[in-house]
Amino acid sequence: MPAFTFIEITMDSGIGYIYLNRPRQYNSLNRAMVREIVQAMEMFDRDEHVQVIVLAGNGKAFSSGADIDEMAVDNTIRLELLNQFADWDRIGQIKKPIIGSVKGFVFGGGFELALCCDVLIAAEGTEFSFPEINLGVMPGAGGTQRLTKLVGRTKALEWIWSAARITADEALAYGVINKVVQPEILIEETHKTAMMLAQKPALALRLIKEAVNKAVDYSLYEGMQFERKNFYVLFSSEDQKEGMQAFVEKRQANFKGR
């Protein structure tokens, strides 16, 4: 595996793990770190031995947000030339399931990174926030868009305008996260969810993710046409034949990801 400076990666049982690794800075996100996260995701996305990607943070926090020391000297022209959000856009092209395993602070850019995940599991005591307004700015890596699609216009405005700290239970109630667990079993629960997905047919996982993502932006009719196309495509897969034959024969399916 390649060596990274700001993250750690491992593989286990078809699961690719990415750990944000700036614990002394509460995993604040500098541009190089975001680039490494995306590179690791793309590497796992290409690896046929990886079925699921897990994103977590070393130390006490998932991520406290963007590295303000790095951004404090920026200006409009520099940001335009850097095109720093191009790396963030690449996360949206990852086809495999991404599970976010979060704890402690999930602030600013860290919250935006968490919202890029397909499934979010949070430890009790986790806090979510967009504090950018207190710095005279706003979320810029999709926070206003992804949060609004999840919780609606008025609640998104309330949370982002106020820079409120949202508890894990409130985030769960509004559908921002999937599950809240005791901190001591966060890793265990994340691995259990990842293993469940890793045993599913890989192509079906990918096409379901693709169709659900389209549903966010498409009209109902357009979304249903896209869903139908993916449904038909799966009938050309070996896994569809295996899955249905296993059902008929009352045995466990042996999926190959083809």
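Residues numbered from 1 in each chain as written. Predicted model: local features only at pLDDT ≥ 70, side-chain atom pairs only at ≥ 80, totals over all residues. Heavy atoms only, no water.

A.B. asks: Describe the domain arrangement of the protein chain, naming the residues involved and giving the relevant values.
C.D. replies: We note that the domain assignment places domain 1 (7-198) and domain 2 (202-248) within the protein chain. Taking only C-alpha atoms into account, the centre of domain 1 sits 27 Å from that of domain 2. Each partner contributes residues to the interface: domain 1 has 9 residues there, and domain 2 has 6 residues. Considering only the surface of domain 1 that becomes buried against domain 2, Gln51, Lys95 and Lys149 emerge as the three largest contributors, covering 56% of it. Where domain 1 meets domain 2, there are 2 salt bridges. Connecting domain 1 to domain 2 are 4 residue pairs in polar contact (both at pLDDT 80 or more). For the side of domain 1 that touches domain 2, the residue count by class is 4 nonpolar, 1 polar and 4 charged. (Domains from an automatic or database assignment. Contact = heavy atoms within 4.5 Å. Buried area = accessible area lost by both parts, 1.4 Å probe. Salt bridge = Lys/Arg side-chain N within 4 Å of Asp/Glu carboxyl O. Polar contact = N/O pair within 3.5 Å; in protein donor to acceptor, adjacent residues only side chain to side chain. Nonpolar A, V, L, I, M, F, W, Y, C, P; charged D, E, K, R; others polar.)

A.B. asks: Could you give an account of the packing of helix H10 (residues 202-217) against helix H11 (residues 220-234), naming the residues involved and the relevant values?
C.D. replies: Two numbers describe how H10 lies on H11: the axes approach to 9 Å, and their chain directions differ by 175 degrees. Taken together, the axis directions place H10 and H11 in an arrangement best described as roughly antiparallel. Between H10, through Leu203, Ala204, Leu207, Glu210, Ala211 and Lys214, and H11, the contact on the second element is made entirely by Phe226, Glu227, Asn230, Val233 and Leu234. Residues belonging to the contact of H10 with H11 are distributed by class as follows: 7 nonpolar, 1 polar and 3 charged. (Axes fitted to C-alpha atoms, helices over the stretch in contact; angles between N-to-C directions. Helix = DSSP H or I, 4+ residues; strand = E, 2+ residues; numbered from the N terminus. Parallel < 35°, antiparallel > 145°, perpendicular 65-115°, else oblique.)

A.B. asks: Describe the packing of aromatic side chains, and please don't skip the residues or the numbers.
C.D. replies: The full count for this structure, using the stated rule, is 9 aromatic pairs. Relative to Phe128, the ring of Phe111 lies with its centre 5.4 Å away and its plane at 50 degrees, an arrangement referred to as tilted. With Phe111 in helix H5 (residues 109-115) and Phe128 in strand S7 (residues 127-129), the pair connects residues that are 17 residues apart, well separated along the chain. For Phe111, a relative accessible area of 2% translates into the label buried. Between the aromatic rings of Tyr218 and Phe226, the centroid separation amounts to 6.2 Å while the plane-to-plane angle is 85 degrees, which identifies the pairing as edge-to-face. Three or more aromatic residues joined by ring pairs make a cluster, and in this case those are Tyr26, Phe105 and Phe107. Cation over ring: Lys229 sits above Phe226, and NZ or CZ is 4.7 Å from the ring centre. (Phe/Tyr/Trp six-rings, centres within 6.5 Å; stacked < 30°, edge-to-face > 60°. Buried < 20%, exposed > 50% of the residue type's maximum accessible area, 1.4 Å probe, protein only. Lys NZ or Arg CZ within 6 Å of the ring centre and 35° of its normal.)

A.B. asks: So what's going on with unusual backbone geometry? Which residues, and what values?
C.D. replies: The phi angle at Ala163 is positive, at roughly 55 degrees, despite the residue not being glycine. Tracing the backbone through its elements, the reader meets Ala163 in the loop between helix H7 (153-162) and strand S8 (166-167). The exposure class assigned to Ala163 is buried, which follows from its relative accessible area of 12%. In this structure, Lys250 takes a positive phi of about 55 degrees despite not being glycine. Judged by its relative accessible area of 76%, Lys250 is exposed.

A.B. asks: Now, about the pattern of salt bridges: what can you tell me, with residues and values included?
C.D. replies: Per the counting criterion, the structure on display carries 13 salt bridges. Between Arg35 and Asp87 there is a salt bridge; the shortest N-O distance is 3.5 Å. Taken together, the residues Arg35 in helix H1 (residues 31-46) and Asp87 in helix H4 (residues 85-91) connect sequence positions 52 residues apart. Given a relative accessible area of 13%, Asp87 falls into the buried group. Its salt-bridge partner being Glu249, residue Arg251 comes within 2.6 Å of it at the nearest N-O pair. Residue Arg251 is classed as partly exposed on the basis of its relative accessible area of 36%. Residues joined in a network through salt bridges with shared partners are Arg35, Glu42, Asp87 and Arg90.

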